[in-house]
Amino acid sequence: MPCSPETLKHVPLFALLDDEETAVLAGQVEVKKFAPRQRIYKIGDPGGRAYVMVSGRVRITTVDQDHQEVIVDEPSYGEFFGFASMLDQTPHQTDAIAVEETICLEVDRHDISVLLERKPMAGMDMLSVLGKQFHASQQLVRVRANRHPNEIIEADATFGERIADTVARFGGSWTFIITFAVILSIYTLVNTSLGRRAWDPYPFILLNLFLSMLAAIQAPVIMMSQNRQDTKDRLRGELDFDVNRRAAADIQGLARKLNLLGEKIGDVEDLLREKVSGNR
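All figures in this text were calculated on a predicted structure; none of them were measured in a lab.

Enquirer: Give me the lowdown on the environment of E74, citing residues and values where you can.
Expert: Examined against the element boundaries, E74 turns out to sit in the loop between β5 (69-73) and β6 (80-81). Those residues within four positions of E74 in sequence are excluded, and the remaining contacts are R57, V58 and R59. Side chain to side chain, E74 and R57 meet in a polar contact 3.4 Å long. Here R59 takes part through its side chain, which lies 3.4 Å from a polar atom of the side chain of E74.

Enquirer: So what about the packing of aromatic side chains? Which residues, and what values?
Expert: Going through the model one piece at a time under the given rule, you end up with eight aromatic pairs. Between the aromatic rings of Y187 and W199, the centroid separation amounts to 5.8 Å while the plane-to-plane angle is 85°, which identifies the pairing as edge-to-face. Of this pair, Y187 sits in helix α8 (residues 174-194) while W199 sits in the loop between α8 and α9 (205-279), and the two are twelve residues apart along the sequence. Among the aromatic residues, ring-to-ring pairing joins F34, Y41, Y51 and F81 into one connected group.

Enquirer: Break down the pattern of salt bridges for me, citing the residues and quoting the values.
Expert: Taken as a whole and assessed by the stated rule, the structure comprises six salt bridges. Between D108 and R49 there is a salt bridge, with the nearest N and O atoms lying 3.8 Å from each other. Here D108 is found in strand β8 (residues 102-108), whereas its partner R49 is found in strand β3 (residues 49-55), with 59 residues between them in sequence. Residue classification places R49 among the partly exposed positions, given a relative accessible area of 38%. A salt bridge links R59 to E74, with the shortest nitrogen-to-oxygen separation between them at 3.4 Å. With R59 in strand β4 (residues 58-63) and E74 in the loop between β5 and β6, this residue pair connects regions lying 15 residues apart in the sequence. Taken together, the shared-partner salt bridges connect R49, E106 and D108 into one network.

Enquirer: Help me get a handle on helix α2 (residues 19-26), residues and values and all.
Expert: The complete set of buried residues in α2 reads E21, T22, L25 and A26. Burial along α2 is one-sided: seen end-on, the buried residues are contained in an arc of 135°. Set apart from the buried face of α2 by more than 90 degrees, the exposed residues are D19 and E20.

Enquirer: I'd love a proper account of the side chain of T94, names of residues and values included.
Expert: Within the secondary structure, T94 sits in the loop between α3 (83-88) and β7 (95-98). With residues up to four places along the chain from it excluded, the contact list for T94 reads Y41, K42, I43, I60, T61, T62 and V72.

Enquirer: Summarise the sheet that holds β5; cite the residues concerned and give the values.
Expert: Pairing between the strands of a sheet comes from backbone hydrogen bonds, and it takes one of two forms, parallel or antiparallel. Pairing is antiparallel in the open sheet, where four strands are placed in the order β2-β7-β4-β5. Either end of the sheet is taken by a strand with one partner, and the two such strands are β2 (39-41) and β5. When strand polarity is set aside, the average angle formed by the axes of neighbouring strands in this sheet is 40°. Pairing of β2 with β7, which is carried by two bridges, proceeds in the antiparallel orientation. Counted as the bridge partner of Y41 is A96 from β7.

Rules behind the numbers
For every chain, the first residue of its written sequence is number 1, and the numbers climb from 1 along that sequence. Owing to the predicted nature of the model, reporting of local features is limited to residues with pLDDT of at least 70; listing and counting of side-chain atom pairs is limited to 80 or more, with chain, interface and lining totals taken over all residues. Only hydrogens and water are set aside; all other atoms, that is, all heavy atoms of the structure, feed into the side-chain values. By definition, any uninterrupted DSSP run of H or I lasting at least four residues is a helix, any uninterrupted run of E lasting at least two residues is a strand, and each is numbered from the N terminus. Whether two residues are in contact is decided by their heavy atoms: any pair within 4.5 Å suffices. Under this definition, polar contacts are N or O atom pairs within 3.5 Å; protein pairs additionally need one hydrogen-donor-capable and one acceptor-capable atom, and for neighbouring residues in sequence, both atoms have to be side-chain atoms. We call Phe, Tyr and Trp rings a pair once their centres come within 6.5 Å, taking the six-membered ring for Trp, and we label the pair stacked below 30 degrees between planes, edge-to-face above 60, and tilted otherwise. Definition used for salt bridges: Asp or Glu carboxyl oxygen within 4 Å of a side-chain nitrogen of Lys or Arg. Residue burial is assigned from relative accessible area. The probe radius is 1.4 Å, only protein chains are included, and a residue is buried under 20% of its type maximum, exposed over 50%, and partly exposed in between. The directions considered for the arc are those from the helix axis to the C-beta atoms. The pairing criterion for strands is at least two bridges between them, as found by DSSP. The convention used is that axes are lines fitted to C-alpha atoms, helices contributing only their stretch in contact, and that angles between N-to-C directions extend from 0 to 180 degrees.

Here you go:
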């Protein structure tokens with residue numbers, strides 16, 4: 001249906017136009033009304049037109065590689081959606097569905113060019129809309145990216161931290177225990193067999209000094225490695241929380257779709273009852 005100039009004046013993007021320019025633009029754009037749960041456009045549809053929110057509520061979604069629905073944006077009053085596909089004339093990369101009864105302004109490239117000819121600064125508002133959508137996409141990628149905690153920790157590890165991990169890994173292995181036991185046995189047997197000529201006779205004071213120095217150095221190194229392990233565990237916990245939250249959102253989405261399906265089935269049953277009653 002045609003758009004009235006009063007409708008355009010209440011849209012922030014077109015509020016800067018004077019009465020004559022508003023009247024010209026109102027003759028070009030159209031007002032579209034969408035019923036609840038009506039699809040405005042879907043992925044793959046030609047992107048020749050964009051929409052400006054006037055009233056109601058719209059949910060912009062896409063489908064990821066796991067074939068799960070992901071909410072990209074929920075534009076508010078006066079905001080564009082489907083704008084990028086309209087500008088570069090490419091198919092839509094998202095689905096747009098009216099959550100409730102919605103009124104939008106439908107615009108195309110020609111309408112935007114007319115607007116920019118009359119008010120060039122309106123382009124800054126459009127760039128702001130695109131910037132917001134770009135930041136929302138970045139946030140979505142950051143939140144949904146699958147991160148491996150070991151790879152993240154190793155990428156940020158310093159040379160000293162890698163040495164600490166190696167020392168802790170070797171110090172907690174049977175190789176270290178057996179090697180250390182063999183060295184101690186040989187050391188004590190040699191000093192015992194030499195008698196008075198031994199460089200470290202019983203009770204092996206020099207050996208105790210070396211062991212104390214080794215323990216003093218090894219303890220903080222192992223603690224450093226344990227701190228890194230705590231960091232890995234904390235990161236794993238955060239990733240598990242993100243996965244659980246995502247799973248809960250998916251379950252809620254399935255429940256919402258089941259409820260909508262139940263409502264539609266109820267509507268079909270009511271129509272069938274009315275038809276049967278009319279035939280009687």
